[in-house]
Amino acid sequence: MTQRPETHVFQAEVKELLGLMIHSLYSHKEIFLRELISNASDALDKLRFEALTKPELAAGGDELCIRLDVDPATRRVVIVDNGIGMTREEVVENLGTIARSGTRRFLEALREKGSQSPELIGQFGVGFYSSFMVAEQIVVETRKAGTDGGVRWSSRGDGEFTLEETSGLERGTRITLDLKPLPQGEDDAQDFADAQVLRELVAKYSDFVEWPILMPSERLPDERVLRRRPGPGGVEVVELNSKKPLWSRSKEEIKPEEYAQFYHHLAHDFADPLETVHFRNEGSNEYTALLYVPGARPFDLFEPGRDKAQVALYVRRVFVMGECEELLPPWLRFVRGVVDSSDLPLNVSREILQQNRTLVQIRKRCTTKVLDALGAMRDNRRADYEKFWAAFGTVLKEGLVMERERTEELAGLCLFPTTKDGALVTLDELIARAPKDEDTLYTILGSDLETVRRSPHLEALAAKGGEALCFSDPIDEWVRDALREYKGKKLVALERGEADFGGAAEKEQRETMERDYRGVLERIEQGLTGSVERVRFSTRLKDSPAVLVDSADAPGPHYERMLRQTGRPVPPRKRVLELNADHPLTSKLKSLFEADAQSTKLKDWADLLYGQALLAEGSPLPDAPRFSKLVSDLMLATAK
Ligand code: ADP
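Residues numbered from 1 in each chain as written. Predicted model: local features only at pLDDT ≥ 70, side-chain atom pairs only at ≥ 80, totals over all residues. Heavy atoms only, no water.

Chemist: What am I meant to see in the overall build of the chain here?
Modeler: Helix and strand counts for the chain come out as 21 helices and 24 strands. The C-alpha atoms of the chain give a radius of gyration of 33 Å, which is well past the 26 Å a tight globule of 640 residues would have. The principal-axis extent of the C-alpha atoms belonging to the chain is close to 110 × 55 × 50 Å. Within the chain, the proportion of its 640 residues that are buried is 51%. Long-range pairs, those at least 24 residues apart, make up 71% of the contacts in the chain between residues at least 6 apart in sequence. For the chain, the accessible surface area stands at approximately 30600 Å², while carbon and sulfur atoms represent 50% of it. Of the charged side chains in the chain, 90 are positive and 108 negative; the average position of the first set lies 2 Å away from that of the second. (Helix = DSSP H or I, 4+ residues; strand = E, 2+ residues; numbered from the N terminus. Rg over C-alpha atoms; globule rule 2.2 N^0.38 Å. Buried < 20%, exposed > 50% of the residue type's maximum accessible area, 1.4 Å probe, protein only. Contact = heavy atoms within 4.5 Å. Areas by Shrake-Rupley, 256 points an atom, 1.4 Å probe, with all protein chains shown as cover. Lys, Arg positive; Asp, Glu negative; His and termini not counted. Charge placed at Lys NZ, Arg CZ, Asp CG, Glu CD.)

Chemist: Please clarify how the packing of aromatic side chains should be interpreted in this entry.
Modeler: Each aromatic ring pair is specified by the distance between its two centres and by the angle formed by the two planes. Summed over all chains, the structure comprises 18 aromatic pairs. A cation sits over an aromatic face here: Lys369 above Phe279, 5.0 Å from the ring centre. The positively charged end of Lys590 is found above the aromatic ring belonging to Tyr517, 4.9 Å away from the centroid. (Phe/Tyr/Trp six-rings, centres within 6.5 Å; stacked < 30°, edge-to-face > 60°. Lys NZ or Arg CZ within 6 Å of the ring centre and 35° of its normal.)

Chemist: I tried to follow helix α6 (residues 195-205) on my own but got confused; where do I start?
Modeler: Count 3.6 residues to each turn of an α-helix, and residues three or four apart come out pointing the same way. All buried positions along α6 are accounted for by Ala195, Val197, Leu198, Arg199, Leu201, Val202 and Tyr205. Residues of α6 that are buried sit in contact with α2 (31-51), β2 (66-71), β3 (76-81), β8 (213-216) and α7 (256-267). Between a side-chain oxygen at the N-terminus of α6 and the backbone nitrogen of Gln196 the separation is 2.8 Å; the capping residue is Asp194. (Polar contact = N/O pair within 3.5 Å; in protein donor to acceptor, adjacent residues only side chain to side chain.)

Chemist: Help me understand the sheet that holds strand β11 (residues 275-281), please; the structure alone is not making it clear to me.
Modeler: In a beta sheet, neighbouring strands pair by backbone hydrogen bonds and run either parallel or antiparallel. Across the sheet, five strands lie side by side as β11-β12-β15-β13-β14; this open sheet has mixed pairing. The open sheet is flanked by β11 and β14 (318-321), the only strands paired with a single partner. Strand-to-strand twist in this sheet, taken as the mean axis angle between neighbours without regard to direction, amounts to 20 degrees. As paired elements, β11 and strand β12 (residues 287-293) share seven bridges and run antiparallel to each other. By the bridge assignment for β12, Phe279 is matched with Ala289. (Pairing = 2+ DSSP bridges. Axes fitted to C-alpha atoms, helices over the stretch in contact; angles between N-to-C directions.)

Chemist: Where do I start with the environment of Arg75 in this structure?
Modeler: As for its position among the elements, Arg75 is in the loop between β2 and β3. Exposure remark for Arg75: the relative accessible area of 18% places this residue in the buried category. Excluding anything up to four places from it in sequence, Arg75 contacts Leu177, Asp178, Leu179, Lys180, Pro181, Leu182, Asp191 and Ala193. In this structure the side chain of Arg75 is engaged in a polar contact, spanning 3.0 Å, whose partner is the backbone oxygen of Lys180.

Chemist: Explanation requested: the sheet that holds strand β6 (residues 160-166) in the structure shown.
Modeler: One open sheet holds the 10 strands; their spatial order is β1-β6-β5-β4-β7-β3-β2-β8-β10-β9, and the pairing between them is mixed. With one partner strand each, in any of the chains shown, β1 (6-9) and β9 (228-230) form the two edges of the open sheet. Pairs of neighbouring strands in the sheet enclose a mean axial angle of 25 degrees, with direction left out of account. Pairing of β1 with β6 involves four bridges; the strand directions are antiparallel. Among the inter-strand pairings, Glu6 is bridged to a residue of β6, identified as Leu163. Where helix α3 (residues 88-96) meets the sheet, it contacts β1, β4 (135-143), β5 (150-155) and β6, and its direction lies at approximately 160 degrees from that of β6.

Chemist: Please clarify how empty space enclosed by the protein should be interpreted in this entry.
Modeler: If you roll a probe as big as a water molecule over the atoms, it shows you where there is empty space left. Under the counting rule described, the total for this entry stands at two cavities of 30 Å³ or more. Put simply, the largest cavity is a space of about 40 Å³. Contributing to the lining of the largest cavity are Pro545, Leu579, Leu585, Thr586, Leu589 and Leu609. Counting residues per element, the lining of the largest cavity draws most heavily on helix α19 (residues 584-595), which supplies three residues. Here the second largest cavity defines a volume of roughly 30 Å³. Considered class by class, the residues forming the lining of the second largest cavity number three nonpolar, one polar and four charged. (1 Å grid on protein atoms, 1.4 Å probe; cavity = no way out; pocket = protein on both sides within 12 Å on 5 of 7 lines; lining within 4 Å. Points joined across faces, edges and corners; volume = space filled by probe spheres on them. Nonpolar A, V, L, I, M, F, W, Y, C, P; charged D, E, K, R; others polar.)

Chemist: Mind showing me how you'd approach the packing of helix α9 (residues 357-380) against helix α10 (residues 382-402) here?
Modeler: When two helices pack together, their arrangement is given by the angle between their axes and by how far apart the axes lie. Relative orientation of the contacting elements α9 and α10 amounts to 135 degrees, with a least axis distance of 8 Å. Of the possible angle classes, the one that applies to α9 and α10 is oblique. Along this stretch, α9 crosses α10, giving a crossing that reads as left-handed. The segment α9 lies against α10, with Leu371, Leu374, Met377, Arg378 and Asn380 engaging Arg382, Asp384, Tyr385, Phe388 and Leu396. Of the residues belonging to the contact of α9 with α10, the class tally is six nonpolar, one polar and three charged. (Parallel < 35°, antiparallel > 145°, perpendicular 65-115°, else oblique. Left-handed = near helix turned anticlockwise from the far one by under 90°.)

Chemist: What is the right way to read the side chain of Arg496 from this model?
Modeler: Counting through the fold element by element, Arg496 comes out in the loop between β21 (489-493) and α16 (504-516). Nearest to the buried, unbridged Arg496 among oppositely charged side chains is Asp481, at 4.3 Å. What Arg496 contacts, discounting residues up to four positions off in sequence, is Arg480, Asp481, Arg540, Asp550, Ser551, Ala552, Asp553, Ala554, Pro555 and Gly556. (Salt bridge = Lys/Arg side-chain N within 4 Å of Asp/Glu carboxyl O.)

Chemist: So what exactly am I meant to see when it comes to the layout of surface pockets here?
Modeler: Empty space within the second largest pocket amounts to approximately 860 Å³. In terms of lining residues, the second largest pocket is bounded by 37 residues, among which Pro557, Arg573, Arg575, Glu617 and Ser619 are the most central. Every element with two or more residues in the lining of the second largest pocket is listed here: β18 (440-445), α13 (449-453), α15 (476-482), α18 (557-565) and α20 (600-616). Looking at the lining of the second largest pocket, its residues break down into 14 nonpolar, 11 polar and 12 charged. Each of two domains, domain 3 (415-493) and domain 4 (504-639), supplies a minimum of three residues to the lining of the second largest pocket. (Domains from an automatic or database assignment.)

Chemist: Would you mind showing me how to read the pairing of strand β15 (residues 336-341) here?
Modeler: Regular strands show a simple pattern: their side chains alternate between the two faces of the sheet. With six of six residues buried, β15 is to be regarded as a mostly interior element. Here β15 shows two buried faces, one formed by Arg336, Val338 and Asp340 and the other by Gly337, Val339 and Ser341. Here β12 runs beside β15; their pairing, made up of six bridges, is antiparallel. For Tyr287, the partnering residue across the bridge sits in β15 and is Ser341. In this sheet, β15 lies alongside strand β13 (residues 310-315) in parallel orientation, the contact comprising six bridges. If you follow Leu313 over to β15, its bridge partner there is Val339.

So, in structure tokens, the structure goes:
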């Protein structure tokens, strides 16, 4: 029973992606094979897993394998797997739309940077669609395990695909690529219609794939007779991959490029990882972990659904699931890798995983190992560590906020720019270079380093030769609240609470000033009712006349924004205006007050000082036209 083929249009985003693929000059087109083999391997994994409970799905038929064949005369490459296959609906969903939000982000990045940004394609790994870089037509024939009918999907990547029902297909998926002609004038272009080229690509990218990747031996006439063996249907084949999972080999015998290649396969990332952590745990809980820290931030790291660890779980070398969130905490979700356990049952369900003690132990140890590796990178490979920090520092800080028992450990891994020279420092480095008796670590919150460095809050500290950590990442507000202390040193936020720089003598002087000026301060306070709670003298200022500070327990600006966005009431800010006792304006203010305590000028001055303090911290003015008029009046007064 064969129907007429139906024509469908691709989702607009797929169309756009395909347009980019077809015209791509990307020099790593060869990754298409890795992507197709990796899909085939996943399909076989899924079949084996489902067959644990429904053995009939895998019953009969040939050995589970991936077959690769090529006909140089017609430039046709075929990749066949006898894995799980797809239903008609799955075909339409998987090969007609872009389901993953990360792919959308990838597209946006391509649009921004231009379609010829090869590193983007490599970084992302566009899966099946990458085949359109090398093929002018692709046919996918597939039959889902446990169903009868099959589907034939075909497209030239030009905006449409056709679908028809077919019968007589084997279980699994057959993908036929009609390769584009070899590019003219590019002598060194790889010819994917050459069996040797394909074979080398398998060795390069897919050697450790667990399923045999077979090619008819007649395509490889030079192959030694020894490696030939009968394959499905009695055809003599050569097995192209060694199948040995990398993690099960001993560390000493694995070359760095083998580690890197496995990472490329796993993460669909063309760049090398920054760090590799490979260890085995013996004893009552036996497992092997191979974990990688990538070198760049994936596009979807902060997507709503992307908050789980991305480590695959295997049980005795059998794939169980691709993303096992129990293996690492969400704040290590950038880590990619594999954990292979000898002790878990093969048919573990999600529910079992959630309260499994074996897994709790694995998670703890893997977390410690990754953090140790990061610590070593911080100490020995600073440039790499700064690269890591730029990509994933924010995610690690989530751990500092969420995981109380690791707060100090994670704080030790943090880098912050210092107000001294903008360079990144660790808390330990800051402590090491501060005066011996300094028991405080100063921090200052602001939108960026430059603004923070100009902030009046910093004046007195900077004048003393001190420095503060610049907290400009939105999450730093939470870091500040979670990390009250580090190795016995108190964290103090310069922009809030009462600063205490001068010693006892300065404090006494300030108190005397405040007594002297009580009337003036009260008058200014009155003038600013509703805007500030108190007016007092400051010890944190050197040059500026005034500054605004928050109370020590006030919510920070990002927290306030969050409350607003979620429709929750925002508590009114109780701010304090601090005046610089040494500023000439202060004594002028007193003369004004003494001449006429009711002068309207005092209200104008209060507004001007308050406005200046707002501008200095980068906040909007509540009544900009009035502020502007006051400034104009002053200018006119001085021009007289
Ligand atoms: P990804 O593999 O990264 O999810 P792809 O675009 O390569 O993205 O594939 C999309 C989906 O199509 C896969 O997630 C899988 O569900 C399905 N798929 C692709 N190839 C096969 C195959 N050989 N057998 C079964 N399903 C497949």
